[in-house]
Amino acid sequence: MSAAPAYGEDKGGSAGPGEPEYGHDPASGGIFSSDYKRHDDLKEMLDTNKDSLKLEAMKRIVAMIARGKNASDLFPAVVKNVACKNIEVKKLVYVYLVRYAEEQQDLALLSISTFQRGLKDPNQLIRASALRVLSSIRVPIIVPIMMLAIKEAASDMSPYVRKTAAHAIPKLYSLDSDQKDQLIEVIEKLLADKTTLVAGSVVMAFEEVCPERIDLIHKNYRKLCNLLIDVEEWGQVVIISMLTRYARTQFLSPTQNESLLEENPEKAFYGSEEDEAKGPGSEEAANTALPARKPYVMDPDHRLLLRNTKPLLQSRSAAVVMAVAQLYFHLAPKAEVGVIAKALVRLLRSHSEVQYVVLQNVATMSIKRRGMFEPYLKSFYIRSTDPTQIKILKLEVLTNLANETNIPTVLREFQTYIRSMDKDFVAATIQAIGRCATNIGRVRDTCLNGLVQLLSNRDELVVAESVVVLKKLLQVRPAQHGDVIKRLAKLTDSIQVPMARASILWLIGEYCEHVPKIAPDVLRKMAKSFTAEEDIVKLQVINLAAKLYLTNSKQTKLLTQYVLSLAKYDQNYDIRDRARFTRQLIVPSEQGGALSRHAKKLFLAPKPAPVLESSFKDRDHFQLGSLSHLLNAKATGYQELPDWPEEAPDPSVRNVEVPEWTKCSNREKRKEKEKPFYSDSEGESGPTESADSDPESESASDSKSSSESGSGESSSESDSEDQEEEKGRSSESEQSEEEGGKRKMKKRKKVTEGQGDGSSSDEGSDSSSSSSESEKTSETEEEQVEPASWRKKTPPSGKSAPVAKEISLLDLEDFTPPSVQPVSPPTIVSTSLATDLEGLTLTDSPLVPSLLSPGSGAGRQELLHRVAGEGLAVDYTFSRQPFSGDPHMVSVHIHFSNSSDTPIKGLHVGTPKLPAGISIQEFPEIESLAPGESTTAVMGINFCDSTQAATFQLCTQTRQFYVSIQPPVGELMAPVFMSENEFKKEQDLQAGR
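Since the structure is predicted, the reported quantities are computational estimates derived from the model, not experimental observations.

So what about the overall build of the protein? Which residues, and what values?
Counting its secondary structure elements, the protein contains 50 helices and nine strands. Counting the 993 residues in the protein, one finds 50% classified as buried. Considering only contacts within the protein whose residues lie at least 6 apart along the sequence, 69% involve residues at least 24 apart. On the protein, roughly 49,100 Å² of surface is accessible, and the fraction owed to carbon and sulfur atoms is 52%.

Below is the structure:
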């Protein structure tokens, strides 16, 4: 190979900063002097036995494809190297084959056996690439081979290969739709995959193959919600879009009984505008109909979806933020939709393409939810550097947000925009002024005067657009604006824009009685230039002649006949037909006499004033963020957003049974060792963790766990999360002091995940002013669905510890870092940690267990708010004592208080909805609770060593309330009392192991 050294020479020069690190510039000479010579040299390199030359050749070929060069003639030389033993060469060969396998099907079929061997390769990348190439060969004869390969790949140990199998499913379905049943089986199997890498791809395959099989999602719904935060961005968009349609079929509408959750709380409290417009009879009918409706209670799975998608509003991907925004717009209660406004405004700082899509959706949202974007009015002000399409969309949003309060500011902005050099933008601004004048009555005269002043503008396009808008505004009160009509009539000599001339003629003809002297003269001028006018102007000239003939026939009879005779021989058949029809209608004759008597009613009938509406008014029937919404037309493959069901489907279809061998593995170990629930050995992990952990992180974890207890999230936790928590708890008791730092990092990670899953009070502080107010309005509904406390526990001293404000991606307008106040050590320690440390002394004497009284447990947590409970307020505390009836149960004190005016009777526990392995010992029924009285009951709960919530019904004689108790991890630990010396001995023993 005498030419081999030439391949290694750097004749083409090293790769520049804008080029790939491999290959050479085609324009630099050397072996790239011509396409023909270049391809021959590459073929010669691929035919060598040296892997280094093959690798270099494949790099150059892939670089050619990346530059858009055609490399299809190299297919025979490349496909021969598919069996190369060099992994790097094989990867690049598969990349090439994926690109050209569909074009060169005959040659690709010759290597089918090689691809099948590649499916068994030990390297997961090779297996995935072989499947990708196999699915790219669009030949029906290999459908059975593809199906077998997909089924094998779906069971592969590598999640990357399973992901590739999910990608191959739509390709096979498009090639042979008869394989749908077998592909659905594969999709069902992959949907049960617990790997985040596979989730997005299999949901995409589900959407392509069988979107109607909603039953496949039931068992995987909660898992998809919990995995959503960790899926890649592309998968997040696909999953959120699918879950939006799923929720519209499985949950009730949150706005069906939302009379108290309007955007304006005060107006909604006393009655909406629609209620005021209706008469007293309709109000009585509404009152009689309301008791028949059941009060709306949000499904916990519905709340789970909203809660787990809310953190994604801070995603770096605009597509993810847009997907979450459309989900909240279509699924969330009105009071909670406001949280998406700040995230969407943040996207307006991105590229113009992103701005265009976001503004399209904001324009649609701002029509129904105007108050959501009003605090961000200045964010939609137009910059001179914005493209025209962005300017017009921002103008649309500003017009939608205009109201009685901000209209002076908006009109001042519009006055500035009129002086722009962009004529299309100026025309859109004049139309926006007309819409503001129509929608807001008190500025109608101001807008009219401004538009009249624009009639003297030097730019003809500005004048023409002003005339068109004035024509619509003058129809509201034409009698008061006769001078304006006269001024417009004078413009017929100067203005040449057809639409403007036609608008002036229509105004003069419609209100000819207000200008009886000017109208005939205008018709005379237009008759002279009739043949040179545009078609739209000719039609209005015919209408003007007919109206003047009916109102002032003495002066315009001959003139009208002249115009109709000219129109009779016009080239346009529409104008000819209009002229013949008008002549028969207004001129009496023997045949048309009956019709001519109604000519005035036809031509001079009063016409209602036009309503200027937004072009985005009817776009909300398309799903926001979709291509169909962007185009305002149904695109191919678009799936309609389903309507809300009238009755909620059975929620039990989403329950997943936990396998027996994963339920209580720790409990079985304890049974083998014959140790009770509160044993000394297991109690070691409690004090050890408290002593080794940082107080600040302990306080944070305690507060987060309290917020999670009210979220009701445990009912939808996946099996994998339960196993991880059980493993974490069992490993904590075996960790040594030297590994304390690792435990801290794990604990902080869990706290961070809990904060992302639950809607904590920190998120409320980061949200905008408007969204925070709306979230306060929905607090009652939140607590009804998730009755546990959302508030942080306060130290015993009653002073709340200052908390450093977290800097969120949404808080971009405030660039000043938050000030952190110095925190004293006593205030950092949380209530539960301080209680744990109360019994610690520095003496060698053993502690007495009686020091830990039942009243020294954690602080009260809210179970049922008094508003949601109609006067019944329920709190609960963990007494940190074993339950008297069963040592495996945790004793929970339930505190009842009656804040209503009537006694509450028959307090008892209804049918519980418990995950597998969890059991409840009910408290005795409370016969009656008088107004203002309080009482306490004790119940036992066996959480089965998990943090899953115990959900049950709290019933009275008249009502039933769904409540749930979710234990923090610390409440599942048994206290162990020992001296300092004993503690150090145990610590040394653990370290020695």
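Pulling in residues and values, what's your account of the pattern of salt bridges?
Inspection of every chain in the model, using the stated rule, returns 28 salt bridges. Two residues, Lys-423 and Asp-459, come together in a salt bridge whose shortest N-O distance is 2.5 Å. Separated by 36 residues along the polypeptide, Lys-423 in helix H26 (residues 423-439) and Asp-459 in the loop between helix H27 (444-453) and helix H28 (460-473) bring together distant segments of the chain. Salt bridges sharing partners connect three or more residues here, namely Arg-222, Asp-299, Asp-301 and Arg-654.

Got a sec to walk through helix H25 (residues 407-418)? Specific residues and values, please.
With twelve residues, H25 should reach 16 Å at 1.5 Å per residue; the first-to-last C-alpha distance of 16 Å fits that figure. What H25 keeps buried is the set Ile-407, Val-410, Leu-411, Glu-413, Phe-414, Tyr-417 and Ile-418. Angular distribution of buried residues about the axis of H25 spans 155°; they occupy a single face of the element. Residues of H25 that are buried in the fold lie against helix H24 (388-401), H26 and H27.

For the sheet that holds strand S8 (residues 950-955), give the residues involved together with the corresponding values.
The four strands are arranged S6-S4-S8-S9 in an open sheet whose pairing can be described as antiparallel. What marks the edges here is a single partner per strand, and that holds for strand S6 (926-929) and strand S9 (960-965). Within the sheet, the average angular offset between the axes of one strand and its neighbour, ignoring direction, is 30°. As paired elements, strand S4 (residues 904-909) and S8 share two bridges and run antiparallel to each other. Bridge pairing in S8 links His-908 to Cys-955.

Explain the sheet that holds strand S3 (residues 890-898) to me, and be specific about the residues and the numbers.
Backbone hydrogen bonds hold the strands of a sheet together, and the pairing may be parallel or antiparallel. Strand order in the open sheet formed by five strands is S1-S2-S3-S7-S5, and the pairing between neighbours is antiparallel. The open sheet has two edge strands, strand S1 (861-864) and strand S5 (919-921), and neither has a second partner. Each adjacent strand pair in this sheet contributes to an overall mean axis angle of 35°, direction not counted. Taken together, the eight bridges between S3 and strand S7 (residues 934-942) define a ladder with antiparallel strand orientation. By the bridge assignment for S7, Phe-896 is matched with Thr-935.

A description of the packing of helix H11 (residues 180-191) against helix H12 (residues 196-209) should follow, citing residues and the corresponding values.
At a closest axis distance of 10 Å, the pairing of H11 and H12 adopts a crossing angle of 150°. Our classification of the angle between H11 and H12 gives roughly antiparallel. Where H11 crosses over H12, the handedness of that crossing is left-handed. Of H12, the residues touching H11 (which contributes Lys-180, Ile-187, Leu-190 and Leu-191) are Val-198, Val-202, Val-203, Ala-205, Phe-206 and Val-209.

Describe a positive patch on the surface, and please don't skip the residues or the numbers.
A surface patch of like charges, here positive, comprises Lys-486, Arg-487, Lys-490 and Lys-517. Residue placement: Lys-490 occurs in helix H29 (residues 482-490).

An account of the packing of H28 against helix H30 (residues 498-510) is needed here, citing residue identities and associated values.
One can describe the packing of H28 onto H30 by two numbers: an axis separation of 8 Å at closest approach and a directional angle of 30°. The two elements H28 and H30 meet at a crossing, and its hand is left-handed. Each of Ala-464, Val-467, Val-468 and Lys-471 in H28 lies in contact with H30, whose residues at this interface are Met-499, Ala-500, Ser-503, Ile-504, Trp-506 and Leu-507.

Outline the packing of aromatic side chains, listing residues and values.
Counting across every chain of the model gives twelve aromatic pairs. With a centroid separation of 6.0 Å and an interplanar angle of 65°, the aromatic rings of Tyr-221 and Phe-251 are classed as edge-to-face. Taken together, the residues span a long stretch of sequence, with Tyr-221 in helix H14 (residues 221-227) and Phe-251 in the loop between helix H15 (233-250) and helix H16 (265-270) at a distance of 30 residues. Grouping residues by exposure puts Tyr-221 and Phe-251 together as buried.

I'd like to hear about the side chain of Lys-394, residue by residue, with values.
By secondary structure assignment, the location of Lys-394 is in helix H24. On the basis of relative accessibility, which here comes to 1%, the residue Lys-394 falls in the buried class. The contact partners of Lys-394, leaving out residues within four places of it in the chain, are Gln-355, Leu-359, Ser-379, Phe-380, Tyr-381, Ile-382, Arg-383 and Asp-386.

I'd like a description of the confidence of the model for the protein, backed by residues and values.
A residue-level look at the protein finds 71% of positions with pLDDT of 70 or above and a mean pLDDT of 74. Low confidence marks residues 673-857, where pLDDT is under 50. Its contacts with residues over four positions away, or in another chain, come to 285 contacts.

I'd like a rundown of H29, residues and numbers included.
Every buried residue belonging to H29 is among Gly-482, Val-484, Ile-485, Leu-488 and Ala-489, and all of these are buried. Along H29, the residues classed as buried sweep out an arc of 160° about the axis, all on the same side. Seen from the open side of H29, the exposed residues pointing more than 90 degrees away from its buried face are Asp-483 and Lys-490. Lining the buried residues of H29 we find H27, H28, H30 and helix H31 (518-528).

Pulling in residues and values, what's your account of unusual backbone geometry?
Notably, Asn-632 is not glycine yet its phi reads approximately 60°, a positive angle. Examined against the element boundaries, Asn-632 turns out to sit in the loop between helix H37 (627-631) and helix H38 (660-663). Positive phi, normally seen in glycine, also occurs at Glu-870, with a value near 55°. Mapped onto the elements of the fold, Glu-870 is located in the loop between S1 and strand S2 (872-882).

Any chance you could break down the environment of Asp-299 for me, citing the residues and the numbers?
Following the sequence through the fold, Asp-299 ends up in the loop between helix H18 (280-289) and helix H19 (300-309). For the pair Asp-299 and Phe-251, spaced 48 residues apart in sequence, the C-alpha to C-alpha distance is 6.9 Å. Asp-299 has contacts with Phe-251, Pro-651 and Arg-654, leaving out every residue within four places of it along the chain.

So, the pairing of S3: which residues are in play, and what are the values?
S3 sits mainly inside the fold: eight of its nine residues count as buried. One ladder, built from eight bridges, connects S2 with S3; its direction is antiparallel. Note that in S3 the partner of Leu-872 across the bridge is Asn-898.

Can you explain the environment of Ala-130? Please cite residues and give values.
Assignment of secondary structure puts Ala-130 in helix H8 (residues 124-136). Between the C-alpha atom of Ala-130 and that of Val-82, which follows or precedes it by 48 residues, the distance is 9.6 Å.

Tell me about the environment of Leu-216, residues and numbers included.
Mapped onto the secondary structure, Leu-216 falls in helix H13 (residues 215-218). The class of Leu-216 is buried, set by a relative accessible area of 5%.

Here is what the cut-offs are and how they apply
Residues numbered from 1 in each chain as written. Predicted model: local features only at pLDDT ≥ 70, side-chain atom pairs only at ≥ 80, totals over all residues. Heavy atoms only, no water. Helix = DSSP H or I, 4+ residues; strand = E, 2+ residues; numbered from the N terminus. Buried < 20%, exposed > 50% of the residue type's maximum accessible area, 1.4 Å probe, protein only. Contact = heavy atoms within 4.5 Å. Areas by Shrake-Rupley, 256 points an atom, 1.4 Å probe, with all protein chains shown as cover. Salt bridge = Lys/Arg side-chain N within 4 Å of Asp/Glu carboxyl O. Expected span 1.5 Å × (residues − 1). Arc of directions from axis to C-beta. Pairing = 2+ DSSP bridges. Axes fitted to C-alpha atoms, helices over the stretch in contact; angles between N-to-C directions. Parallel < 35°, antiparallel > 145°, perpendicular 65-115°, else oblique. Left-handed = near helix turned anticlockwise from the far one by under 90°. Patch = residues over 30% accessible without salt bridge, like charges linked within 9 Å, V, L, I, M, F, W, Y side chains within 5 Å. Lys, Arg positive; Asp, Glu negative; His and termini not counted. Charge placed at Lys NZ, Arg CZ, Asp CG, Glu CD. Phe/Tyr/Trp six-rings, centres within 6.5 Å; stacked < 30°, edge-to-face > 60°. pLDDT = per-residue confidence, 0-100.

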